[in-house]
Amino acid sequence: MTTSKRILSGVALIGLGVAGTLAATHLHVSVGEPARAASPPAQLQPTLPPPSKEQIADARAISRVFAQVSEQLKPSVVSIMVEKRAKTRLLRGNRRNLQGQNPFEGTPFEHFFGTPFGDEDDEDGGGPQGPKQVGAGSGVVIDTRGYILTNNHVIEGADVIKVRFADAREARARVVGTDPKTDLAIIKVEKIDQLVPARFGDSEKLQVGEWVMAIGNPFGFDHTVTVGVVSAKGRYGIGAGPYENFIQTDAAINPGNSGGPLVNLDGEVVGINTAIRGIGTMIGFAIPSGMAKPITGMLIKEGRVHRSYLGIRMQDLTQEMVASFGPGAPAHGAIVSATEPSSPAASAGVEPGDVITRIDGQPTDTSKAVQLAVLAKPVGQNLQLEVWRNGKTLNMNVKTAENPADQGERAENGDSNEGPADRGRLGLQLQELTPELGRQLGVPQTRGAVIAGVRPDSPAAEAGLREGDIILEIDRRKVNSAAEAGQALKAKRAGGHLVFVQRGTARIFVVLSEES
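Everything in this summary refers to the structure shown in the same document.

Definitions and limits used
Residues numbered from 1 in each chain as written. Predicted model: local features only at pLDDT ≥ 70, side-chain atom pairs only at ≥ 80, totals over all residues. Heavy atoms only, no water. Helix = DSSP H or I, 4+ residues; strand = E, 2+ residues; numbered from the N terminus. Buried < 20%, exposed > 50% of the residue type's maximum accessible area, 1.4 Å probe, protein only. Contact = heavy atoms within 4.5 Å. Areas by Shrake-Rupley, 256 points an atom, 1.4 Å probe, with all protein chains shown as cover. Polar contact = N/O pair within 3.5 Å; in protein donor to acceptor, adjacent residues only side chain to side chain. Phe/Tyr/Trp six-rings, centres within 6.5 Å; stacked < 30°, edge-to-face > 60°. Lys NZ or Arg CZ within 6 Å of the ring centre and 35° of its normal. Expected span 1.5 Å × (residues − 1). Arc of directions from axis to C-beta. Salt bridge = Lys/Arg side-chain N within 4 Å of Asp/Glu carboxyl O. Pairing = 2+ DSSP bridges.

1. Some remarks on the overall build of the chain
Line of reasoning, step 1. Per the secondary structure count, the chain includes 12 helices and 27 strands.
Line of reasoning, step 2. Residue burial in the chain is summarised as follows: out of 516 residues, 43% are buried.
Line of reasoning, step 3. The contacts in the chain between residues at least 6 apart in sequence include a share of 61% that link residues at least 24 apart.
Line of reasoning, step 4. As displayed, the chain has an accessible area near 27600 Å², and 53% of this comes from carbon and sulfur atoms.

This is the structure in structure tokens:
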């Protein structure tokens, strides 16, 4: 018995270790005819025959298509690495709030928290740089000149942008133009030859259930390909921006996929992968090519986007509203809640209470459908509106104008000769102050520039400027429009610009410096 134990132990040590020991103690030896495979019980008998050779060949043909599409897109899809230096300016003591007080004074946190308006002894208004932050995303080459399409959130605030191609070539890139509202951006690499641009497809022709492939750089794994279907179209309300019109897909999208292409079986880019609803949920969203393509052209040409605008506020028509309107009211549409003074809609005669039912002959069942129809129209072109008003159907001709918010971006960017890569350096988005907007903000001013957006970690954010602030003066000169504000801020000024803003009922001065 002792010898037998030694032999089993020896076998275990030489062979499989602990698992092998367990296996050896359960060893059985059969003598005689080989055992025949038992038939499965009746309830487990397969109800379908095994796949035929022809069926297997068909499945392999589909698999082959995925491989071919992936290979065709390989030169066009890039990995994007970004570097950013965090500033420690907000972690320095001796700060004051808007009333000149430090809310943490007298506590252990007194020297760690405060407002970003600078210290009395902080002459440069800045602070030492913090640790380097790195991030990664994806992009797709769209032009042989080096233009690459990606997401704005991939490159926003980056100090260094590097692009790596499938053949391991690397190059630095500069920002050509960004559109935070749709989360799209164009970057450009120089001195890289033999670029292979991808082709745009028509996202409007996509069908729910159609095969698509997501290609990108999830978690740093270059050129990862996932396959799925179009789960839905026209998704909105996910909190990704004001112009949501996403393709939903179950092709796996993960962090790092942002900015990479969603492609159809023709190898065409039908979307730009942008967002996910939780990691591993198989619910991903892509900006449709129908939206991305015109924005891409504008960003390459001018570094900014022109969007059409009617000047109306809307909400979806509910069944309760339909019932209150009485017989003959439309069952679907967008009801106008307000029109902005002097806007294209107001000039055309659109009134609050009107129900928009069609644009250019196409039904508009929701306010989102109206918005998308307007955005699809170039600035300065006519739209035919069909509206229902007090039991009558009216037809109106409205000429679109450029969205004032986009004009504000142009004002902030300026018309300098430094090129699009220098634009937006202060991180401000400006909008024209109108009487209607002034009433909404609860201020008496009717002229000026409203801050419509502040880019995180920008000089404007560090100076303490906020969305909704109204710029009254810059360098002790009155500001009457967004264009004036943009022109004043365009000039570089030693020590920064002294900006006087209205914030609710309070008025404060802020120093806005590019070196903030």
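So that's the structure; there's more coming.
2. Section: the side chain of Gln502
Line of reasoning, step 1. Position of Gln502 among the secondary structure elements: in strand 26 (residues 497-503).
Line of reasoning, step 2. A relative accessible area of 6% means that Gln502 is categorised as buried.
Line of reasoning, step 3. Here the side chain of Gln502 touches Arg507 through a polar contact of 2.6 Å, side chain to side chain.
Line of reasoning, step 4. Sequence-distant contacts of Gln502, that is, excluding residues within four places in its chain, are made with Val443, Gln445, Gly468, Asp469, Ile470, Leu472 and Arg507.

3. Re the packing of aromatic side chains
Line of reasoning, step 1. Counted by the stated rule, this structure contains 4 aromatic pairs.
Line of reasoning, step 2. Arranged with centres 5.3 Å apart and planes meeting at 65°, the rings of Phe66 and Trp211 form a pair that is edge-to-face. You can see Phe66 sitting in helix 3 (residues 53-73) and its partner Trp211 sitting in strand 8 (residues 211-216), a full 145 residues away along the chain.
Line of reasoning, step 3. In this structure Phe66 comes out as buried when scored by relative accessible area, which is 15%.
Line of reasoning, step 4. Taking NZ or CZ as reference, Arg169 lies 5.5 Å from the ring centre of Phe165, over its face.
Line of reasoning, step 5. Here Lys188 stacks its cationic end above the ring of Tyr147, 5.3 Å away from the centre of that ring.

4. Section: helix 5 (residues 289-302)
Line of reasoning, step 1. Here helix 5 contains 14 residues, and its C-alpha end-to-end distance of 20 Å stays within 8% of the 20 Å for a straight helix at 1.5 Å per residue.
Line of reasoning, step 2. Of all the positions in helix 5, only Ser289, Met291, Ala292, Ile295, Thr296 and Leu299 are classed as buried. On an axial view of helix 5, the arc spanned by its buried residues comes to 140°, and they lie on one face.

5. A closer look at the pattern of salt bridges
Line of reasoning, step 1. Following the criterion strictly, the structure yields 16 salt bridges and no others.
Line of reasoning, step 2. A salt bridge links Lys188 to Glu190, with the shortest nitrogen-to-oxygen separation between them at 3.1 Å.
Line of reasoning, step 3. In this structure Glu190 comes out as partly exposed when scored by relative accessible area, which is 41%.
Line of reasoning, step 4. Residues joined in a network through salt bridges with shared partners are Arg164, Glu170 and Asp222.

6. Quick notes on the pairing of strand 10 (residues 246-249)
Line of reasoning, step 1. Along strand 10, one buried face is formed by Phe246 and Gln248 and the opposite face, lined by Ile247 and Thr249, is buried too.
Line of reasoning, step 2. Here strand 9 (residues 224-235) pairs with strand 10 via 3 bridges, running antiparallel. Within strand 10, the residue paired with Arg235 across the bridge is Phe246.
Line of reasoning, step 3. Sheet analysis places strand 10 next to strand 13 (residues 284-288), joined by 3 bridges and oriented antiparallel. Residue Ile247 lies in a different strand from strand 13, and its bridge partner there is Ala286.

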